[in-house]
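The lines below spell out each chain.
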Amino acid sequence: MDAIIILGAAVWADGPSPTLRRRTLHAARLWHNGAAPQVIPCGGLGQHGPTEAEVMRQLLISEGVHDDQIILEDQSKNTLENLRNAKHLLSGDRVLIVTDHYHGPRAAMVARHFGLQATILSPSLKGTHLPTQLRNYLREAGAIPAYALRLRVM
């Protein structure tokens, strides 16, 4: 694999959201296990700063990932932008994409659209807020066909 791409999630006023933290820690474990040489955290500035990518970079470093192996993609606002922008930072096209299970099918669809050979890896949802997870699965039910249409006209 050429890189581990971490898809963005919210930064809260008091720091990383549980989703952002869970994804980033999973990516750090993958990096330590030799899954890929580089990590690309994705995500621009949301409601609270710093950018999602910068917060992930800080978490990755705190978990022992070498700073020179982290390439920030800090301009994107959604899954499509995450992967389009990350593609331009890659030296190849074989990637591991870290995102939550409910988001995996949409991420895989977008990755294929951009010519990436992607494997989706998701952290455990154990201990997560069940109503939030249910809401996320329902959101994806609408987002997948919307993205399919959007990608078709690109």
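This text goes with the structure placed above it.
Conventions used here
- The residue numbers shown here count from 1 along each chain, following its written sequence.
- Totals for whole chains, interfaces and linings use all residues, but because this is a predicted model, local features are given only for residues with pLDDT of at least 70 and pairs of side-chain atoms are given and counted only at 80 or more.
- Only hydrogens and water are set aside when side-chain values are computed; all heavy atoms of the structure are taken into account.
- Buried means the residue's accessible area, taken with a 1.4 Å probe over protein chains only, is under 20% of the maximum for its type, while exposed means over 50%, and partly exposed covers the values in between.
- A run of H or I in DSSP counts as a helix once it spans at least four residues, and a run of E counts as a strand once it spans at least two, with each numbered from the N terminus.
- Strands were regarded as paired on the criterion that DSSP finds at least two bridges between them.
- Contacts are assigned to residue pairs that have any heavy atoms within 4.5 Å of one another.
- Here a pair means two rings of Phe, Tyr or Trp (six-membered ring of Trp) with centres within 6.5 Å. Their orientation is stacked below 30 degrees between planes, edge-to-face above 60, and tilted elsewhere.
- Each ring is checked for a lysine NZ or an arginine CZ that lies within 6 Å of its centre and within 35 degrees of its normal; such an atom marks a charge sitting over the ring.
- A crossover gets the label right-handed when its path from the first strand over the helix to the second runs clockwise, viewed with the strands pointing away from the viewer.
- In protein, a polar contact requires one atom able to donate a hydrogen and another able to accept it; more generally it is a pair of N or O atoms within 3.5 Å, and residues adjacent in sequence count only if both atoms are side-chain atoms.

Draft legend 1. Looking closely at the pairing of strand β1 (residues 3–6). Residues A3 and I5 line one face of β1 and the alternating positions I4 and I6 line the opposite face, and both faces are buried. Relative to strand β5 (residues 94–98), β1 runs parallel, the two being bridged by four bridges. The residue bridging I4 from the neighbouring strand is L96, located in β5. Bridge count between β1 and strand β4 (residues 39–41): three bridges; the pairing is parallel. Residue I5 lies in a different strand from β4, and its bridge partner there is I40.

Draft legend 2. Structural context of the environment of A28. Within the element layout of this structure, A28 appears in helix α1 (residues 18–32). Residues contacting A28, with those up to four places away along its chain left out, are L60, E63 and V65.

Draft legend 3. Here's a closer look at the packing of aromatic side chains. Following the criterion strictly, the structure yields one aromatic pair and no others. With centroids separated by 5.7 Å and ring planes inclined at 70 degrees, the aromatic side chains of Y102 and Y137 adopt a geometry described as edge-to-face. In this pair, Y102 is assigned in the loop between β5 and α4 (104–113) and Y137 in helix α5 (residues 130–152), connecting sequence segments 35 residues apart. Y102 sits in the buried class, given a relative accessible area of 5%. For Y137, a relative accessible area of 36% corresponds to the partly exposed category. One residue, R106, lies across the ring of Y147, its end atom 4.6 Å from the ring centre. Lying over the aromatic face of Y147, R150 brings its terminal NZ or CZ to 5.9 Å of the ring centre.

Draft legend 4. Summary view of the pairing of strand β6 (residues 117–121). In this structure, β5 lies alongside β6, joined through five bridges in parallel fashion. The partner of R94 across the bridge, within β6, is Q117. Handedness of the β-α-β unit built from β5, α4 and β6 comes out right-handed.

Draft legend 5. The arrangement of helix α3 (residues 79–87) in detail. Of the positions making up α3, those classed as buried are T79, L80, E81, N82, L83 and A86. Looking at the buried side of α3, the elements it contacts are β1, β4, β5, α4 and α5. Looking at where α3 begins, the residue whose side-chain oxygen comes 3.2 Å from the main-chain nitrogen of L80 is N78.

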